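# Structural overview
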Amino acid sequence: MFRSMVLTALGVALAAGLVLSAVQALHVSPIIYAAEAFEIAEPEVVAAQTDGHSHSHGDEAWSPSDGAERIGFTVLSNVLSAFGFTMILLACMFVARDKAQLNISWSRGVLWGLAGYLTFFVVPALGLSPEIPSMEAAVLEGRQSWWILAVVATGLGIASFVFLPGIAKTLAVVFLAAPWLVGAPQPEVHGFLHPDTQAVATLESLQAQFIYATAIANSVFWITLGCLAGYCAKRFVKA
Amino acid sequence: MINSTVTSKVDTEAPSQALANNSVQMVAAAILGMVVLMGVGFAPMDVAHNAAHDTRHSFAFPCH
């Protein structure tokens, strides 16, 4: 069964990852590139202050060159992420089938996809809004920990609401509230530190567009992934 | 290989055992998914960050 799940997830991930890549190339990546045009100006300021030493990412680390190579690695990363999401979704689908007699189908898959969208994008993004490069943010490790907390708590909250009987459903409230009681880490300075006010205005406009663009791209991605995962799980996974 | 011919028989004879076996595989599947996601979305190495940069921003994974 495990083997057929992995193979099914690879197929689903390839399709959903390519759909995401198409939406991303049209609506998301252009905003990232536009924001990076402002980011490149920053190292000069830092370099002057730190005796010629470069910015935090360092000059040494490899990165894909702009154009085909960068797009290629982005598509690969999209497909790998989609594989990770699909494996988790398939595991949940089969556990729900075995423990709660929930049928697997493409239409149920759409609901699973919506649950994934809420869990992995909407709720974490409500606390830590999607960010374009050059935006000030709190310490990375704190944000990563809160992101994981938000995802796990939201997933458990949705599962409690759907699968627990009667009054036990209220446990969902506890799970859903947990990340907000902890609170998402916030930066000391909000927004952008670019010295040019015109540039800051442009970056703020890009940031607003970016939130909509990622919200739409992720919804298309999750509905595609859920629908395909439901269909393929029923058809191809031996169990 | 042997499984393909006797699966249905095994399932009807020992459904609880088959379910328990399924559960282990489901946990393994979910863990594999999480490991891959952590690698793409959260690995701290500069190379991993640079290769997956646009994906991390698009999924709103915490980045930079």
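Here's a quick rundown of the structure. This one's a predicted model, so the numbers in the text were calculated from it and none came from an experiment. Chains are numbered independently. Their residues run from 1 in the order of the written sequence. All chains are assigned letters beginning at A, and all ligands numbers beginning at 1, according to the order in which they are written. Residue-level local features of this predicted model are given only where pLDDT is at least 70; pairs of side-chain atoms are given and counted only at 80 or more, and the full residue set underlies all totals for whole chains, interfaces and linings. Neither water nor hydrogens contribute to the side-chain values; these are computed over all heavy atoms in the structure.

### Observations concerning the environment of His194(A)
- Relative to the helices and strands, His194(A) is located in the loop between helix H6 (171–182) and helix H7 (197–236).
- At 3.2 Å, the side chain of His194(A) and the backbone nitrogen of Asp196(A) are in polar contact. Note on conventions: DSSP H or I runs of at least 4 residues are helices, E runs of at least 2 residues are strands, and numbering of each starts at the N terminus. Definition of a polar contact: a pair of N or O atoms within 3.5 Å, with one able to donate and the other able to accept a hydrogen when the atoms are protein atoms, and with sequence-neighbouring residues admitted only if both atoms are side-chain atoms.

### What to know about the packing of aromatic side chains
- Here a Phe, Tyr or Trp ring, Trp counted by its six-membered ring, pairs with any other such ring whose centre lies within 6.5 Å, and the pair is stacked when the planes are under 30 degrees apart, edge-to-face when over 60, and tilted otherwise. This model, assessed by the stated rule, comprises 16 aromatic pairs over all chains.
- Plain terms: the ring middles of Phe120(A) and Trp222(A) are 5.5 Å apart, the flat faces sit at 10 degrees to each other, and that makes the pair stacked. With Phe120(A) in helix H4 (residues 106–127) and Trp222(A) in helix H7, this residue pair connects regions lying 102 residues apart in the sequence. Neither residue differs from the other here; Phe120(A) and Trp222(A) are each classed as buried.
- Taken together, a centroid distance of 5.6 Å and an interplanar angle of 45 degrees make the contact between Phe42(B) and Phe61(B) tilted. Within this pair, whereas Phe42(B) is found in the loop between helix H2 (15–41) and helix H3 (46–51), its partner Phe61(B) is found in the segment after helix H4 (53–58), the two being separated by 19 residues in sequence. Only protein chains enter the area calculation, which uses a 1.4 Å probe; residues under 20% of their type maximum are buried, those over 50% are exposed, and those in between are partly exposed.

### As for the interface of chain B and chain A
- With 33 residues of chain B in contact, the opposing surface of chain A contributes 51 residues.
- Throughout, the accessible surface (probe 1.4 Å) given up by two parts as they are put together, summed over both, is called the buried area. Summed over both partners, the interface of chain B with chain A comes to about 3,600 Å²; 66% of that surface belongs to carbon and sulfur atoms.
- Contact with chain A buries area across many residues of chain B, yet Met26(B), Asp54(B) and Phe59(B) alone supply 18% of it, more than any other trio.
- When a carboxyl oxygen of Asp or Glu is within 4 Å of a side-chain nitrogen of Lys or Arg, the pair counts as a salt bridge. Among the salt bridges present, the one from Arg70(A) reaches Asp54(B), with a minimum N-O distance of 2.7 Å.
- Counting the contacts that link chain B with chain A gives 11 residue pairs in polar contact (both at pLDDT 80 or more).
- Elements with a minimum of two residues in the side of chain B that touches chain A: H2, H3 and H4 of chain B.
- Looking at the side of chain B that touches chain A element by element, the count peaks at 15 residues for H2(B). Here a residue-residue contact requires only that any non-hydrogen atoms of the pair lie within 4.5 Å.

### Some remarks on the packing of helix H3 (residues 68–100) of chain A against H4(A)
Residue and element names in this part refer to chain A.
- Axis definition: a line fitted to C-alpha atoms, limited for helices to the stretch in contact. Angles are taken between N-to-C directions and run from 0 to 180 degrees. Following both chains from N to C, one finds H3 and H4 inclined at 125 degrees, their axes separated by 11 Å at the closest point. Taken as axis vectors, H3 and H4 run oblique relative to one another. The two elements H3 and H4 cross, and the hand of that crossing is right-handed. Only Gly109, Trp112 and Phe120 of H4 make contact with H3, whose side of the interface consists of Phe85, Ile88, Leu89, Cys92, Met93 and Ala96.
- Taken together, the residues of the contact of H3 with H4 sort by class into eight nonpolar, one polar and no charged. Orientation categories follow fixed angle ranges, with anything under 35 degrees roughly parallel, anything over 145 roughly antiparallel, 65 to 115 roughly perpendicular, and all other angles oblique. In this scheme the handedness of a crossing depends on how the near helix is turned from the far one: anticlockwise by less than a right angle means left-handed, clockwise means right-handed. Charged means Asp, Glu, Lys or Arg here, nonpolar means Ala, Val, Leu, Ile, Met, Phe, Trp, Tyr, Cys or Pro, and polar covers whatever is left, Gly included.

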